[in-house]
Structures are given as C-alpha cells and as structure tokens.
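Below are the chains, spelled out letter by letter.
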Amino acid sequence: EAGVAQSPRYKIIEKRQSVAFWCNPISGHATLYWYQQILGQGPKLLIQFQNNGVVDDSQLPKDRFSAERLKGVDSTLKIQPAKLEDSAVYLCASSFSLAGNNEQFFGPGTRLTVL
Amino acid sequence: DAKTTQPNSMESNEEEPVHLPCNHSTISGTDYIHWYRQLPSQGPEYVIHGLTSNVNNRMASLAIAEDRKSSTLILHRATLRDAAVYYCTPNTGNQFYFGTGTSLTVIP
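Residues numbered from 1 in each chain as written. Chains lettered and ligands numbered in written order. Predicted model: local features only at pLDDT ≥ 70, side-chain atom pairs only at ≥ 80, totals over all residues. Heavy atoms only, no water.

A. Seen up close, the overall build of chain B. Secondary structure summary: chain B contains zero helices and ten strands in total. Written out in order from the N terminus, the α and β elements of chain B read β-β-β-β-β-β-β-β-β-β. The C-alpha radius of gyration computed for chain B amounts to 13 Å, which stays within 12% of the reference 13 Å derived for 108 residues, consistent with globular compactness. The principal-axis extent of the C-alpha atoms belonging to chain B is close to 40 × 25 × 20 Å. Considering chain B as a whole, with its 108 residues, one finds that 45% of them fall into the buried category. Across chain B, the fraction of contacts at a sequence separation of at least 24, relative to all contacts at a separation of at least 6, is 54%. Working note: accessible area of chain B is about 5,400 Å², and carbon and sulfur atoms make up 47% of it. Computed over 7 positive and 10 negative side-chain charges, the separation of the two mean positions in chain B equals 5 Å. (Helix = DSSP H or I, 4+ residues; strand = E, 2+ residues; numbered from the N terminus. Rg over C-alpha atoms; globule rule 2.2 N^0.38 Å. Buried < 20%, exposed > 50% of the residue type's maximum accessible area, 1.4 Å probe, protein only. Contact = heavy atoms within 4.5 Å. Areas by Shrake-Rupley, 256 points an atom, 1.4 Å probe, with all protein chains shown as cover. Lys, Arg positive; Asp, Glu negative; His and termini not counted. Charge placed at Lys NZ, Arg CZ, Asp CG, Glu CD.)

B. Region of the structure containing the pattern of salt bridges. In this structure the tally under the stated criterion is five salt bridges over all chains. Between Lys62 of chain A and Asp57 of chain A there is a salt bridge, with its nearest N and O atoms 3.7 Å apart. Of the residues examined, Asp57 of chain A reaches a relative accessible area of 26% and is grouped as partly exposed. Put simply, Arg64 of chain A and Asp86 of chain A hold a salt bridge, and the shortest N to O gap is 2.5 Å. Here Asp86 of chain A lies in the loop between β8 (75-79) and β9 (88-95) and Arg64 of chain A lies in the loop between β6 (53-56) and β7 (65-68), a separation of 22 residues in the sequence. Both residues of the pair, Arg64 of chain A and Asp86 of chain A, count as buried. Connected via shared salt-bridge partners are Arg37, Glu45 and Asp82 of chain B. (Salt bridge = Lys/Arg side-chain N within 4 Å of Asp/Glu carboxyl O.)

C. Local environment of the side chain of Ser12 of chain B. Residue and element names in this part refer to chain B. Looking at the element boundaries, Ser12 is found in strand β1 (residues 9-13). Ser12 sits in the buried class, given a relative accessible area of 5%. Apart from residues lying up to four places away in sequence, Ser12 is in contact with Pro17, Val18, Ala78, Leu104, Thr105, Val106 and Ile107.

D. Molecular detail of the sheet that holds β7 of chain A. Residue and element names in this part refer to chain A. Pairing is antiparallel in the open sheet, where four strands are placed in the order β1-β3-β8-β7. The open sheet has two edge strands with one neighbour each: β1 (5-7) and β7. Each adjacent strand pair in this sheet contributes to an overall mean axis angle of 15 degrees, direction not counted. (Pairing = 2+ DSSP bridges. Axes fitted to C-alpha atoms, helices over the stretch in contact; angles between N-to-C directions.)

E. Molecular detail of the state of the cysteines. Taken as a whole, this structure holds two disulfides over all chains when the rule is applied. A disulfide bridge connects Cys23 of chain A with Cys92 of chain A, and the sulfur atoms are separated by 1.9 Å. Taking the sign of the S-S torsion, about -70 degrees here, the bridge from Cys23 of chain A to Cys92 of chain A comes out left-handed. Taken together, the residues span a long stretch of sequence, with Cys23 of chain A in strand β3 (residues 19-24) and Cys92 of chain A in strand β9 at a distance of 69 residues. In this structure, Cys23 of chain A and Cys92 of chain A share a single accessibility class: buried. Each disulfide pairs two cysteine sulfurs, and for Cys22 of chain B the partner residue is Cys88 of chain B, the sulfurs being separated by 2.1 Å. With the S-S dihedral at roughly -70 degrees, the linkage between Cys22 of chain B and Cys88 of chain B falls on the left-handed side. In this pair, Cys22 of chain B sits in strand β2 (residues 18-23) while Cys88 of chain B sits in strand β8 (residues 84-92), placing the two residues 66 residues apart along the sequence. (Disulfide = S-S within 2.5 Å.)

By themselves, these are just geometric observations and shouldn't be taken as functional.
Printed below as a string of structure tokens:
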C-alpha cells in the first residue's frame, strides 16, 4: 500500500514570496490533515478535511494561509506571503475516517525555509 | 484542548524495557489515547492506541490507568531503532493534539 506522498521535500524562499505544498493521501482515506511542525515542537494542526469539506481550520492563519481539497483526494496548502516565522516542516496526514480510533498516516513532510 | 504532560527526555539501555509515561487528566470519557513516534527527519509514525483497556501490538503495549488520567507506553526490549520522540496524543473532538513529546535515547 502506497503511503502519503508530499512534494516538494524541501523549499527555500525569500520572505513575502508565495509557496505551495502538495499532498496525496492514502487511497480511500476520507480525512486529511495539514500540520505545521516548528523545530523542537510537536506538530500543530492547521486544517482538517473530511472528503472535500473543511472540518476545522481554527488554527490556520487565514490572512496568509489557504488550503483546498477540491475533489476529496489531493490537497494543496499555500502560503502567500511568507514570513520568517513560517519556517517549519509541513506535514500531511490521512486517516480512513474521523472516528477517534482511526490511526493517522503521515507523509515525510516538506521542510520550508524562509529567508 | 486535551493537554498532555510527558517527560522531555528519557534514556534506556538496549534490550531493556522502557516505560514512557503521559498525563492526560483533561481528556473526556470517549477520547482515544494514541501514541506516535517520530524519527529524525521523518513524519510521525503510529505506535498504538486505546480507550480503556490495556492494549498490545507488535510494536508496544499501552497501559491505561483506571481513571484514564494517565497512560504508559511500554517498549518491551528497546533497540537502537527505537530512539525517537514519542508523542502521547489524545483524539479529542476527532482531532489529535501533540505536545512536545519525550525524546528517547537508547544506549548500546
């Protein structure tokens, strides 16, 4: 079974530039999560989708971050414009459903450096 | 949010058992307790989860206190490949909350 795919793996940009990350979850997984992980901290949930609908985006800085999952499969996370404090690893995860006993499967992450 | 408290770091000798504790006194009665681990430069990896009863799988065992305010992840024989950050993360409101985890060092 193929795992969660993410691209790119690494990205370096200047502040105020834009960047987009892509995630392809495990086939058949209805729930998709984007996390931000700053060095030395645990992952912080940014947004959660169930199929193509947003379940929770309360911690997404909506003035600069946006995410979509148009067909309920792949998802993109965009930052526009980027700030220095956005330097982090962005993790995508998926699970079969929202049920609390479902495990999450994580991708390898995209390491973003904002200069 | 369900808050968790874990030791920042722990050490274990190789091939010895390791008990990783977690306090999660604010979880509700229907919140599953999940454990994940993260190796350097990788995404977190699922280890085990439970609700009330103790659970075993090929990777570890999970002991949940009767009042559910704490749990302990048990690695029966630590290997060098078990060196990672271990996160105790309750699933609250169908969301996972990660703290800073416990960094486990395995000494050869």
